[in-house]
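Each chain, written out:
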Amino acid sequence: MSLSHTSSSPNPPPSVPTATLGVPRIGPRRELKTALEAFWSGKIGQEALLETAAGLRVANWARQHAAGIAHIPSNDFSLYDQVLDTAVTVGAIPAAYGWKGGPVSLETYFALARGTEGDVEACAVHGHAHGSTSGLPALEMTKWFDTNYHYLVPEFSRGQEFALASTKIIDEFREAAALGYRTRPVLIGPVTFLKLGKSRDEAFDTLSLLPGLLPVYTEILRRLAAHGADWVQIDEPVLSLDLDDATRAAIASAYGMFARAVPGLKIQLTSYFGALGDNRATALSLPVAGLHLDLARAPGQLDAVLAEAPAGLVLSLGVIDGRNVWRANLPAILDRIEPVAARRGTDHLIVSASCSLLHVPYDLTLETGLDAELKGWLAFAAQKLDELSILGRALAQGRDAVKDELAASAAAAQTRAASARIHNPAVATRLAAVKPEDTRRAHPFSERREAQREALNLPRFPTTTIGSFPQTSEVRKARAAHTRGELDNAGYDAFLRKETADTVRWQDEIGLDVIVHGEFERNDMVQYFGELLDGYAFTRNGWVQSYGSRCVRPPVIFGDVSRPQPMSVEWIAYAQSLTDKPVKGMLTGPVTMLQWSFVRDDILRADVCRQIALALRDEVADLEAAGIRVIQIDEPAIREGLPLRKADWKHYLDWAVESFRLTSSGVRDETQIHTHMCYSEFNDIIDAIGAMDADVISIETSRSKMELLDAFITYRYPNEIGPGVYDIHSPRVPSVAEMVELLEKACQRLAADQIWVNPDCGLKTRKWEEVRPALINLVAAARILREEAAG
Ligand SMILES: Nc1nc2c(c(=O)[nH]1)N[C@@H](CNc1ccc(C(=O)N[C@@H](CCC(=O)N[C@@H](CCC(=O)N[C@@H](CCC(=O)O)C(=O)O)C(=O)O)C(=O)O)cc1)CN2
Ligand SMILES: [Zn+2]
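Going by the annotation in an unreviewed UniProt entry, the name recorded for the protein is 5-methyltetrahydropteroyltriglutamate--homocysteine methyltransferase, with Pseudochelatococcus lubricantis given as the source organism. We quote the UniProt Function (unreviewed entry) comment for the protein here in full: "Catalyzes the transfer of a methyl group from 5-methyltetrahydrofolate to homocysteine resulting in methionine formation." Under the UniProt heading Catalytic activity (unreviewed entry), the entry covering the protein gives this text: "5-methyltetrahydropteroyltri-L-glutamate + L-homocysteine = tetrahydropteroyltri-L-glutamate + L-methionine".

A. Representation of helix α5 (residues 106-114) within the structure. Across the nine residues that make up α5, a large majority, seven, are buried. What α5 keeps buried is the set Leu 106, Thr 108, Tyr 109, Phe 110, Ala 111, Leu 112 and Ala 113. Just downstream of α5, Gly 115 is the residue with a positive phi angle, here 80°.

B. How the structure looks around the coordination of the zinc ion (ligand 2). At the metal site, the zinc ion (ligand 2) is ligated by His 676 (NE2), Cys 678 (SG) and Cys 761 (SG), and these contacts range over 2.1 to 2.3 Å. If you list the donors of the zinc ion (ligand 2) from N- to C-terminus, the spacing comes out as H-x1-C-x82-C. With His 676 in strand β20 (residues 672-677) and Cys 761 in the loop between α27 (736-749) and α28 (768-790), this pair connects stretches of sequence that are 85 residues apart. In this structure His 676 comes out as buried when scored by relative accessible area, which is 2%. The class for Cys 761 is buried, based on a relative accessible area of 15%.

C. Layout of the state of the cysteines. Using the criterion set out here, one finds zero disulfides in the structure. As a non-bridged cysteine, Cys 355 has Cys 551 as the owner of its nearest cysteine sulfur, 17 Å distant. In this structure Cys 355 comes out as buried when scored by relative accessible area, which is 0%. Just so you know, Cys 551 is unpaired, no disulfide at all, and the nearest cysteine sulfur is the one on Cys 761, 16 Å from it.

D. Seen up close, the packing of helix α18 (residues 473-484) against helix α19 (residues 489-510). Contact geometry for α18 and α19: axes closest at 10 Å, N-to-C directions at 160°. Relative to α19, α18 is oriented roughly antiparallel. Handedness of the α18/α19 crossing: left-handed. Between α18, through Glu 474, Val 475, Ala 478, Arg 479 and His 482, and α19, the contact on the second element is made entirely by Asn 489, Tyr 492, Phe 495 and Glu 499. A per-class count over the contact of α18 with α19 returns four nonpolar, two polar and three charged.

E. Structural view of the site of ligand 1. Around ligand 1 sit 26 residues in total, of which Arg 30, Lys 33, Arg 479, Asp 524 and Lys 764 are the nearest. In this structure, Arg 476 approaches ligand 1 through a side-chain N or O atom, which is 2.8 Å from an oxygen atom. In the complex, the protein chains occlude 82% of the 970 Å² of accessible area that ligand 1 would expose alone. Put simply, the parts of the chain that give the shell around ligand 1 at least two residues each are α18, β14 (544-547) and β15 (550-552). The dominant element in the shell around ligand 1, judged by the number of residues it contributes, is α18, at four residues. Class assignment for the residues of the shell around ligand 1 results in eight nonpolar, eight polar and 10 charged.

F. Structural view of unusual backbone geometry. Of note, Asn 75 is a non-glycine position whose phi angle comes to about 70°, a positive value. With respect to the element layout, Asn 75 can be found in the loop between β2 (73-74) and α4 (82-89). You can call Asn 75 buried: its relative accessible area is 14%. A positive phi angle, close to 60°, is found at Glu 519, a residue other than glycine. Residue placement: Glu 519 occurs in the loop between α19 and α20 (527-532). Residue classification places Glu 519 among the buried positions, given a relative accessible area of 8%.

Conventions adopted
- Here the residue numbers are simple positions, counted from 1 along each chain's written sequence.
- Chain letters start at A and ligand numbers start at 1, both assigned in the order the entries are written.
- Residue-level local features of this predicted model are given only where pLDDT is at least 70; pairs of side-chain atoms are given and counted only at 80 or more, and the full residue set underlies all totals for whole chains, interfaces and linings.
- Computation of side-chain values covers all heavy atoms of the structure but excludes hydrogens and water.
- UniProt positions are given in the numbering used here, feature names are shortened, and annotations may be inferred rather than shown by experiment.
- The rule is simple: take the accessible area with a 1.4 Å probe, protein chains only, and divide by the maximum for that residue type; under 20% is buried, over 50% is exposed, in between is partly exposed.
- Secondary structure elements are taken from DSSP: a helix is a run of H or I of four residues or more, a strand is a run of E of two residues or more, and numbering for both begins at the N terminus.
- Only nitrogen, oxygen and sulfur atoms qualify as donors, and only when within 2.8 Å of the metal (3.2 Å in the case of Na, K and Ca); with water excluded, sites may look incomplete.
- The term disulfide is used for any two cysteine sulfur atoms that are within 2.5 Å.
- Only the stretch in contact is used when a helix axis is fitted, and all axes are lines through C-alpha atoms; the angle between N-to-C directions ranges over 0 to 180 degrees.
- Between 65 and 115 degrees an angle is taken as roughly perpendicular, under 35 as roughly parallel, over 145 as roughly antiparallel, and anywhere else as oblique.
- Take the far helix as the reference: if the near one is turned anticlockwise from it by less than a right angle, the crossing is left-handed, and if turned clockwise, right-handed.
- Any pair of residues with heavy atoms lying within 4.5 Å of one another is described as a contacting pair.
- Gly is put with the polar residues, along with every residue not named as nonpolar or charged; the nonpolar set is Ala, Val, Leu, Ile, Met, Phe, Trp, Tyr, Cys and Pro, and the charged set is Asp, Glu, Lys and Arg.
- Near is defined per residue: the residue qualifies when any heavy atom it owns lies within 4 Å of the molecule or strand.
- Polar contacts, as used here, are pairs of N or O atoms within 3.5 Å; protein pairs need one atom able to donate a hydrogen and one able to accept it. Residues neighboring in sequence count only if both atoms are side-chain atoms.
- A 1.4 Å probe and the Shrake-Rupley method give the accessible areas. Residues count as covered only by the protein chains that appear here.

This is the structure we're talking about:
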């Protein structure tokens, strides 16, 4: 193996080793997204896709090497999702996908990720035809801890067997080695992997599969060691959750086995997104070489770990925030970690990012639209590499060696704290004046319901959609042309009006009951409003992967938030002018606006959320005044914002619910407030959902075959509810029969006059060819339910 790169600088400046746990992989210009979508649509072949992927990996290794990162990860790359990669690696592929052993093809891989087109034949278990790979549903998708990244949920069965089915991790290690980079391969730990999975068999503990899984892991570790790996990074983010004793014992047994099976290989065990807390003793007792701590999220855990950590344990100090974009205050970080170096010596330390940099954009230097002051406050992934390197050198050589860099970092922190741009006294005054009655509707739901029935006169099983309609390439092209100045305001406006009008009329024609305007004017549900609010900044290239090829550009909340003028009223009122049916006004709720943005860290998140809520409350009032009778306030992110530890739940839910109610409570009884949530397990937050007191909630339920409804049933949710019957993450068009079946399931458990009929989520990622037949089927399904209820 050539180590040309690592030996190319004969006298590298001494530094404490630095590490990243993973870096963004979509490409600085979303090259992976482009290649994936071209591959899926048949425009490029497998070779071209894999070539793009390899190019992105090389560029990432090279960039980290150039920044002087000592522990550079490999296998942090993924064509779709790292949890799916793990499932494929260990051969956890449900039988339906037709895998017969041997290497897993890209076709199977993407079938798991996205489902396959074609008809579904009834199968009691999965709803697909055995022996055929058409009409397969995708694996379920859900949020990765408290992030806006989605992973695919592994599916296990009783008697699940595992086998090494993909050598991706070994191949990518060797690929890097051939280029001269000795990397630290990353894999998701066995306990986290099993805990993230689900089983179709009732009352089956996925953790019971551990004994069968561990031999596959040890085989991977052996092979990596044989190919020259000295360190392997194993992620066990479940260490930041509330765990039971059985899970802790499982962790102890897994890492005990690894140490025995591959004694020469150094394991860097990582925790992130929170403190080890009551799992600390377990983590510190494991026979691993290194332990990583998230000191951005949980700085307070350092002292306890230092007091208890064995002397030989390498501590990886995750001090550079992998979840936010603020430039670090490096001298302040050194104040905290220099004593650690003094106490334990620098040869048992690694300076690291707190978690994978997957959650922040690539490179601030690509931002040409941000003003210099604001830009000076920020750091994206590339800048964070430099921050790590400065810290590594400061620890090894003393602060003087990086004097200028530290001074610049401290100055940036100072100017941000002192800037007049971030404070707006009017916002503070208004927030202080909020009264409890501002967060309560005037009358209880039972009374509002009567008023709404009279005002809206909807049929039973009313049909609606969640808001967005296909974001076609024409829509994106028009927006891009407008942004570049090639399409003037009048031309862009006329284009959007035509899209909106066509969509409104089509919904009217096919018989949907509550109409939406289609959201064509919006690039993204958060970014669009962020751009119209004060206190928010937005990026041109700050893409962060959300799932698969899908990305978002989270806006940056840098100052007090307020609304200079109405944001959505013109579009909604225009749509309403085209139909007699009610048009639903669409807003993104305060918790989601917060959760999907990069948020300032100088005041409480709860207070930022309240500021957003007040701005949105004015928008709700303006919509009502413009004659809009139904207003949807989306809160898909409320569940993912839930703290990882139960002890912190109540506080969060209190302010989250209060913020939603502050947004929604200023309206008359007959104005119907909807909310929408997706990707959620609702059990944990069902009381809070009840307390939000929306008149109607739509939720994502189709991939789970209505399982996700259970929480609402147990709770006896009193308001109205639209359980999704159309999986909008898959190109498949659901049949009438399928949707009727799902609705009948819902009817067994909910009152018929409580139920709405709608898709799981918005339709922006779908094509019109899919949406048209699917919604026609959806209306037909609702009609069948109406007849069944009547007859
Ligand atoms: N913020 C956020 N988080 C969320 C969701 C969400 O909707 N928003 N939904 C869930 C996740 N689902 C998602 C579903 C779809 C997309 C999505 O479609 N993203 C788009 C980008 C959205 C966007 O900002 N679009 C812009 C920019 C479009 C673009 O790429 N323009 C081209 C040029 C136009 C062209 O020729 O295509 C360019 O700038 O290069 C626009 O429409 O204006 C994408 O990946 O493609 C993302 C997340 C949960 N988290
Ligand atoms: Zn949704």
